[in-house]
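Geometric and topological summary
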Amino acid sequence: MSGYTLVQPDCPVKLNQNECPFDVPEELKREIVDEALASNWGRYPGFVPGEVKAAIGQRHGLGPEHILIGNGSNELIQAVFQAAVGRGDRVVLPAPTFTLYALMGRIAGADIRTVHLKRDLSFDVDRLKEESAQPGVRLVVLCSPNNPTGSMIQPEEVAAIAEAATGLVVVDEAYYEFCGVSCIELLDRHPNLVITRTFSKALGAAGLRLGYLAADPSVAREIEKVKLPYNVNAISLIAARTLIGQDALIEERAALIRAERQRVYEGLRELPGIRPYPSHANFILFEAERPVAGIFHGLIDRGVLIRDVSRYPMLERGMRVTIGLPEENDAFLKALREVLAA
Ligand SMILES: Cc1ncc(COP(=O)(O)O)c(C=O)c1O
């Protein structure tokens, strides 16, 4: 099987991984580091990171028994697959979507049922409902806003899929802060839902590897069984406690990214032979009339790295650009203009 890989040439403008262009502010870093210095590194962290779970749960009106903390949200997605999916079990995945889900499904030996997005790259809710209701479906994974398309699914549509589904329904809300629409409120009516969130995107802490999931306590208990003990290190737990309450900072940054997203979208729309798709995340998918490889490498030659997504289903002409700082976005648009004119 092919693994999860990334081509990563060194470019001064790096818009290929949907990271936050802003680092964690220095005063918060110092707070975290000071607390880390005062702690005893010779001891394991608490067996259950109760304090961090409580702080995260509280933000969503949930008790700590609903929350699991991961070394990145990817780890928790892996844990859900391990807990829920055995050889031959069905897993329903939209396509195109984040490639990790299919990888996890293949490792588990799952029978993966693909539901393509509609031509406009919106979710095909009727077909998802139909497939999710089939016997033997243990897991449905919905990414909203969806990577790499930027399209989203509405909570009432997720509720209908969860209602119909015979197994768990994960909603990966890694890009939640850029759209503001969440399915967490559905948890009390749909105990088969699992919501994942990350510190890697709007929070700007991808390097720390922190994510969490919210689920019904009965589901969280089962997923916890496959999670390794002490999966999140003591320093990351200190960082999680410091960063989780930074709502004003997150909103300020997300608002800037949303404004830049609109500006880049309009910039792309003006370019000949380029078709951007509206996005609810911190990236934009666009298609080009010209072959992707020439544009992708032309941008690298000009110091701008984006993501070639042309091997994803339905996206033969697709590229994805992360929204960066205003000057990075300007550099991208200028470089693309040059490549198209060359
Ligand atoms: C949809 C989606 N989920 C999860 C992740 C990874 O999150 P984390 O850094 O928390 O593991 C990404 C990263 O690109 C993503 O696109």
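Scroll up for the structure.
Quick summary incoming for the structure in this document.

Details of the pattern of salt bridges
Under the defined criterion, the tally for this structure stands at 17 salt bridges. Ionic pairing is found between Arg127 and Glu131, a salt bridge with its closest N-O pair at 3.4 Å. Of this pair, Arg127 and Glu131 both sit in helix α5 (residues 125-132), 4 residues apart, roughly one helical turn. Between Glu173 and Arg197 there is a salt bridge, and its shortest N-O distance comes to 2.9 Å. Of the two residues, Glu173 sits in the loop between β6 (168-172) and β7 (193-198) while Arg197 sits in strand β7, which places them 24 residues apart along the sequence. Residue class for Glu173 comes out buried when judged on its relative accessible area of 1%. Overlapping salt bridges, with partners in common, bring together Glu35, Glu51 and Arg241 in one network.

Quick word on the nonpolar core
Leu268, Ile306 and Phe332 are the most contacted members of the largest nonpolar core, which has 90 residues in total. Considering each element in turn, this core owes the most residues, 7 residues, to helix α9 (residues 247-269). Residues from two domains meet in this core; each of domain 1 (13-18 + 248-341) and domain 2 (27-245) gives at least three. Discounting residues that sit within four places of it in the chain, Ile306 has contacts with Leu15, Asn16, Phe286, Phe296, Leu299, Met319, Arg320, Val321 and Phe332. In this structure, Ile77, Ala79, Val85 and Leu103 belong to the second largest nonpolar core, which totals 28 residues.

Quick look at the side chain of His60
Counting through the fold element by element, His60 comes out in the loop between α2 (50-59) and β2 (67-70). If we skip the residues at most four places from it in the chain, His60 touches Ile184, Arg197 and Tyr212.

Describing the layout of surface pockets
Empty pockets left among the atoms are what a rolling probe the size of a water molecule brings to light. What the largest pocket holds in volume is close to 840 Å³. Lining the largest pocket we find 28 residues, and of these Gly3, Thr5, Thr99, Arg311 and Tyr312 sit closest to its centre. Only β3 (90-95), α4 (100-107), β4 (111-116) and β12 (307-308) provide two or more residues apiece to the lining of the largest pocket. Residue composition of the lining of the largest pocket, grouped by class: 16 nonpolar, 8 polar and 4 charged. Mapping the lining of the largest pocket onto the domain boundaries places at least three of its residues in each of domain 1 (13-18 + 248-341) and domain 2 (27-245). In this structure, the second largest pocket occupies an estimated 470 Å³ of space. The wall of the second largest pocket is formed by 25 residues, among which Tyr4, Gln17, Asn74, Phe98 and Lys201 lie closest to the centre. Within the residue set of the lining of the second largest pocket, elements represented by two or more residues are α3 (73-84) and α4. Split into classes, the residues belonging to the lining of the second largest pocket amount to 10 nonpolar, 9 polar and 6 charged.

Thresholds applied
Residues numbered from 1 in each chain as written. Predicted model: local features only at pLDDT ≥ 70, side-chain atom pairs only at ≥ 80, totals over all residues. Heavy atoms only, no water. Salt bridge = Lys/Arg side-chain N within 4 Å of Asp/Glu carboxyl O. Helix = DSSP H or I, 4+ residues; strand = E, 2+ residues; numbered from the N terminus. Buried < 20%, exposed > 50% of the residue type's maximum accessible area, 1.4 Å probe, protein only. Core = buried A, V, L, I, M, F, W, Y, C linked by side-chain atoms within 4.5 Å. Domains from an automatic or database assignment. Contact = heavy atoms within 4.5 Å. 1 Å grid on protein atoms, 1.4 Å probe; cavity = no way out; pocket = protein on both sides within 12 Å on 5 of 7 lines; lining within 4 Å. Points joined across faces, edges and corners; volume = space filled by probe spheres on them. Nonpolar A, V, L, I, M, F, W, Y, C, P; charged D, E, K, R; others polar.

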